[in-house]
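# Understanding the architecture of this molecule
Chain by chain, the residues run as shown.
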Amino acid sequence: MINVGIVGGSGYTGGELLRLLHFHPLVDVTQITSRQQAGRYVHTVHPNMRGISKLQFIHPDALQTCDVLFLCLPHGEAARQIDYYATLAPTIIDLSADFRLNTPEEYERWYGHPHPAPEWLARFIYGLPEVNRTLLRGAAYASGVGCNATAVNLALRPLIGLLDHAAIEIKVGSSEGGNSPNEGSHHPIRSGAVRTYKPTGHRHMAEIQMILGTDIQTHFAVTAIEMVRGIHLTAHCYFNQPQTEKDLWKLYRAAYRDEPFIRLVSGKTGLHRFPEPRIVAGTNYCDIGFEVDADGKHVVVIAALDNLGKGAAGSAVQCMNLMLGFDECMGLQFPGIYP
Amino acid sequence: MCPECDAELNIPADAMENEIIACPDCGAELEIISLNPLQLELAPEVEEDWGE
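Think of each chain on its own: its residues are numbered from 1, step by step along the sequence as written. Each chain takes a letter, starting from A, and each ligand takes a number, starting from 1, following the order in which they are written. Thresholds applied to this predicted model are a pLDDT of at least 70 for local features of residues and 80 or more for the giving and counting of side-chain atom pairs; totals over whole chains, interfaces and linings are not thresholded and use all residues. Computation of side-chain values covers all heavy atoms of the structure but excludes hydrogens and water.

## Comments concerning the overall build of chain A
Within chain A one finds 11 helices and 13 strands. For this measure, only C-alpha atoms enter the radius of gyration; the expected value for a globule follows 2.2 Å times N^0.38, where N is the number of residues. The C-alpha atoms of chain A give a radius of gyration of 20 Å, which matches the 20 Å a tight globule of 339 residues would have. When the backbone C-alpha atoms are referred to their principal axes, chain A occupies close to 60 × 45 × 40 Å. The contact criterion used throughout is that any non-hydrogen atoms of two residues lie within 4.5 Å. Considering only residue pairs separated by 6 or more positions, chain A has 69% of its internal contacts joining residues 24 or more positions apart. Using a 1.4 Å probe, the Shrake-Rupley method yields the accessible areas, and only the shown protein chains count as cover for residues. Approximately 14,500 Å² of chain A is accessible, and the part contributed by carbon and sulfur atoms is 52%. Starting at the N terminus, helices and strands are each numbered in turn, a helix being any DSSP run of H or I of at least four residues and a strand any DSSP run of E of at least two.

## Comments concerning the layout of surface pockets
Space inside and on the surface of the protein is sampled on a 1 Å grid over the protein atoms alone, with a cavity defined as a set of points where a 1.4 Å probe fits but cannot get out and a pocket as an open set with protein on both sides within 12 Å along at least 5 of 7 lines; lining residues have an atom within 4 Å of a point. Grid points are joined across faces, edges and corners, and a volume is the space filled by probe spheres set on the points. Looking at the second largest pocket, its volume works out to about 230 Å³. What lines the second largest pocket is a set of 14 residues, and nearest its centre among them are Trp249(A), Leu264(A), Val265(A), Pro24(B) and Asp25(B). The biggest single contributor to the lining of the second largest pocket is helix α9 (residues 245–256) of chain A, with three residues.

## Digging into the pattern of salt bridges
All names here are of chain A. For this document, the term salt bridge refers to a Lys or Arg side-chain nitrogen within 4 Å of an Asp or Glu carboxyl oxygen. Scanning the model with the defined rule gives 13 salt bridges over all chains in all. For Arg133, the salt bridge identified is with Glu259, shortest N-O distance 2.7 Å. Taken together, the residues span a long stretch of sequence, with Arg133 in helix α5 (residues 129–136) and Glu259 in the loop between α9 and β11 (262–264) at a distance of 126 residues. Each member of the pair, Arg133 as well as Glu259, is classed as buried. Residue exposure (1.4 Å probe, protein chains only): buried if accessible area is under 20% of the type maximum, exposed if over 50%, otherwise partly exposed.

## A short note on the interface of chain B and chain A
Every contact between the two is made by 13 residues of chain B and, on the other side, 10 residues of chain A. Buried area adds together the accessible area that both of two parts lose upon being put together, with accessible area traced by a 1.4 Å probe. Summed over both partners, the interface of chain B with chain A buries about 930 Å², with 44% contributed by carbon and sulfur atoms. When the area that chain B buries against chain A is broken down by residue, the three leading residues are Glu4(B), Asp25(B) and Cys26(B), summing to 40%. At the surface where chain B touches chain A, the tally comes to three salt bridges. Here a polar contact is taken to be a pair of N or O atoms separated by no more than 3.5 Å, where protein atoms must pair a possible hydrogen donor with a possible acceptor and residues adjacent in sequence count only if both atoms sit in side chains. Between chain B and chain A we count five residue pairs in polar contact (both at pLDDT 80 or more) in total. Here the side of chain B that touches chain A is composed, by residue class, of six nonpolar, one polar and six charged. By the convention adopted, Pro, Cys, Tyr, Trp, Phe, Met, Ile, Leu, Val and Ala count as nonpolar, Lys, Arg, Asp and Glu as charged, and the other residues, Gly among them, as polar.

## Points about the packing of α5(A) against helix α11 (residues 309–324) of chain A
All names here are of chain A. Contact geometry of α5 with α11 gives a least axis separation of 10 Å together with a crossing angle of 25°. As summarised for this structure, α5 and α11 are arranged roughly parallel, according to the angle between their axes. As for how α5 packs across α11, the hand of that crossing is right-handed. The residues of α11 that touch α5, namely those facing Pro129, Glu130, Arg133 and Leu136, are Lys310, Ser315, Gln318, Cys319, Leu322 and Met323. All axes are obtained by fitting lines to C-alpha atoms, using only the stretch in contact for helices, and the reported angles, taken between N-to-C directions, cover 0 to 180 degrees. Any angle from 65 to 115 degrees is called roughly perpendicular, while one under 35 is roughly parallel, one over 145 is roughly antiparallel, and all others are oblique. The hand of a helix crossing depends on one turn: near helix anticlockwise from the far one by less than a right angle means left-handed, and clockwise means right-handed.

## Observations concerning the sheet that holds strand β1 (residues 2–7) of chain A
Residues and elements named next belong to chain A. By this definition, two strands are paired if DSSP reports at least two bridges between them. Spatially, six strands are ordered β3-β2-β1-β4-β5-β6 in an open sheet, and the strand pairing comes out parallel. Each of the sheet's edge strands pairs with one partner strand only, and the pair in question is β3 (57–58) and β6 (141–143). Two strands pair when backbone bridges link them, and β1 and strand β2 (residues 27–33) are joined in this way by five bridges, in the parallel orientation. Its bridge partner lying in β2, Val4 is registered against Val29. Running over the sheet, helix α1 (residues 12–22) touches β1, β2 and β4 (68–71) and is turned about 165° from β1.

## Comments concerning the pairing of strand β13 (residues 298–305) of chain A
With seven of eight residues buried, β13(A) lies mostly within the body of the structure. Hairpin remark: strand β12 (residues 286–292) of chain A followed by β13(A), antiparallel, with five residues in the connecting loop; positive phi at Gly296(A), about 75°.

## Some remarks on the nonpolar core
All names here are of chain A. Counting residues in hydrophobic clusters, the biggest one holds 59 residues, and the most contacted among them are Leu156, Leu159 and Val301. Per element, the largest residue contribution to this core is seven residues, and it comes from helix α6 (residues 147–156). What marks off one domain from the next here is an automatic or database domain assignment. There are two domains that each give this core at least three residues, and those are domain 1 (2–124) and domain 2 (148–306). Setting aside its immediate chain neighbours within four residues, Val301 contacts Ala155, Leu156, Leu159, Leu233, Thr234, Ala235, Cys237, Tyr252, Ile288, Gly289 and Phe290. By convention a nonpolar core is built from buried Ala, Val, Leu, Ile, Met, Phe, Trp, Tyr and Cys residues, the set being connected through side-chain atoms within 4.5 Å. Counting 38 residues, the second-largest nonpolar core is a separate cluster that includes Phe70, Val280, Met323 and Phe326.

Here's what the structure looks like:
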């Protein structure tokens, strides 16, 4: 068994991590921190853990050494204290955006301020197992992934080299905004919303360009809808040369046949022919489907994942499994609920 | 092979002509038109009725 600590465990990703790690057969979550909730039982903040976890939040200053630290802090905080955290654990997985990008220049370009610890950027592996599995094996430090970026990267990666451009619409649930209330999360504003809040220039574009490259012109807009968990992606992709439906099946099978958490969902029958967020809620799956238009030059790619699952905590646990040499799927096999 | 998505199909040894089998990947329902040689076609589907 390994001892794991969660730093910043009162947020939604911290709660999701606790839920996943609690049922991981080789993990013992021994400490979870929160400045505001120190002393309280975790179930007072994460009520699904009532009767399951007896942990109490501790103040970050009380953190002890452990085998693995998960950092679930607001963007910018992990980078400011990374030297300290590195003294506490040999393996660190940071779920914030602090260590996702390759260079300080890219970080400053997208996040608007200099990186607090630029010397650490090169030490972190971008935590998307489907792309960096080999690098993650045995690595000491991994970053989290942007949830919207993950949907785009997984959905379009098999099409690199074939695409001229892609226009992507992403519909997201309210939990993407975290657990701190703001004007936009106020119930009369958020309830029933279909509100496009970032038509261009989303920060996750940095991760998309890092993974897909800049040869493909990608544009994506993000729209908040009436949903708590989940991301639904619709990508209109335009090929250089016409493709058939069978060509697409061949490409996606080649890319994802052996991926344990990617499912191809392009059904010809039934109600659920294409990916839907609620089917993957609470899981580590990313479902991907497609349909080629009659002219063969335009394909609509559809994807769905749980922003707190595959888009955050699930991928982080998958990374930990790879980094420590565990079975990659350990603790992540919950299939979701239906209906 | 599935005529829709090229997935490999497992045709039961005791399959009969006109039997409907499903593709494990794309879910297409396929009718066995002939067994020798094997010939599959998309099974006719009841169209959804969206109203008036």
